[in-house]
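Remarks on the overall topology
Take a look at the letters that make up each chain.
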Amino acid sequence: MNRLFLDYPGSRLPSAVSLTLAHSRRIRGAQTFLRLGLFVLIIAVVISASVARAGDVKIQVVMSTGPDDEPTTTFAADTPKIFALFKTKGVQDGDKLRGVWIAEDVGDVAPKETKIDEKSIKAEGDTDDGAFSLSKPTNGWPVGKYRLEIYVGDELTKTVKFTIKGGKSHDASEDGDNG
């Protein structure tokens, strides 16, 4: 550190100029430290607010073959359409809900974790009758494990797993019950 000393014989006391420069440097360092601390505090508040918002949203999901059908997580390979029916709590007007359908493991038909489809909808507040659906591929559903991920904004809020098994879907008109 550069210090000016008074030119008195035998004196080693710093001059007033030296003390003022050192004091000025300490003040600038403290101001920089305070600015950095304030910046970190603002970032922390923004992050915690977004985490708290995402944590406030709740989504209940049931999988089925139709809006009026029984819930299930196992479907036949010839199921015409798979529905994810959901209710939300804490969703705000304008929130973006996104459903991402993923084939986790369908053997040699596709690589593991293959994204099948994605659909986004704009929320108008909470709902009791939300739905994402996916139609059967031309050659039927490949047997295997699947999941639907539901996002609110960019936050993964809910994951629902389901399975496609070989065979035909059950239809009351096909088993001779004309009841």
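Here is what the cut-offs are and how they apply
Residues numbered from 1 in each chain as written. Predicted model: local features only at pLDDT ≥ 70, side-chain atom pairs only at ≥ 80, totals over all residues. Heavy atoms only, no water. Helix = DSSP H or I, 4+ residues; strand = E, 2+ residues; numbered from the N terminus. Buried < 20%, exposed > 50% of the residue type's maximum accessible area, 1.4 Å probe, protein only. Contact = heavy atoms within 4.5 Å. Areas by Shrake-Rupley, 256 points an atom, 1.4 Å probe, with all protein chains shown as cover. Polar contact = N/O pair within 3.5 Å; in protein donor to acceptor, adjacent residues only side chain to side chain. Salt bridge = Lys/Arg side-chain N within 4 Å of Asp/Glu carboxyl O. Pairing = 2+ DSSP bridges. Axes fitted to C-alpha atoms, helices over the stretch in contact; angles between N-to-C directions.

Counting its secondary structure elements, the chain contains 1 helix and 8 strands. The linear arrangement of helices and strands in the chain, starting from the amino end, is α-β-β-β-β-β-β-β-β. Expressed as a percentage of the 179 residues in the chain, the buried residues total 28%. Counting contacts in the chain only where the partners sit at least 6 residues apart, residues at least 24 apart contribute 59% of the total. Counting only carbon and sulfur atoms, one obtains 55% of the accessible surface of the chain, whose full area is about 12400 Å².

Right, let's talk about the side chain of Thr88 for a bit. Considering the arrangement of structural elements, one finds Thr88 in strand β3 (residues 81–89). Separated by 2.9 Å, the side chain of Thr88 and the backbone nitrogen of Thr127 make a polar contact. Not counting residues within four places of it along the chain, the set of residues in contact with Thr88 comprises Lys58, Ile59, Leu97, Gly125, Asp126 and Thr127.

Right, let's get into the pattern of salt bridges. Where side chains of opposite charge bring their charged atoms close, a pairing between them can arise. Counted under the stated rule, the structure contains 7 salt bridges. Across the pair Glu104 and Arg147 runs a salt bridge, and its minimum N-O distance is 3.2 Å. With Glu104 in strand β4 (residues 93–105) and Arg147 in strand β7 (residues 144–152), this residue pair connects regions lying 43 residues apart in the sequence. Judged by relative accessible area, which is 14%, Arg147 ranks as buried.

The 5 strands lie next to each other as β2-β8-β7-β4-β5, forming an open sheet whose pairing is mixed. Strands with a single pairing partner mark the edges of an open sheet, and in this sheet they are β2 (74–76) and β5 (114–124). Each strand of the sheet is rotated relative to its neighbour by a mean of 25°, with strand direction disregarded. Sheet topology places β7 next to strand β8 (residues 155–165); 9 bridges connect them, and they run antiparallel. If you follow Tyr146 over to β8, its bridge partner there is Phe162.

For the rest of this paragraph, the subject is the environment of Thr138. With respect to the helices, strands and loops of the structure, Thr138 is situated in the loop between β6 (130–135) and β7. For the pair Thr138 and Pro80, spaced 58 residues apart in sequence, the C-alpha separation works out to 9.9 Å.

A few words on unusual backbone geometry. Positive phi, normally seen in glycine, also occurs at Glu113, with a value near 65°. Note that Glu113 resides in the loop between β4 and β5. Looking at Glu113, the relative accessible area reads 46%, which means it is partly exposed.

Most of β7 sits inside the fold, with 8 of its 9 residues counted as buried. Hairpin connection from β7 to β8: 2 residues lie between these consecutive antiparallel strands, with Gly153 at a positive phi of about 65°.

In short, the description is geometric, and any link to function would need to be established separately.
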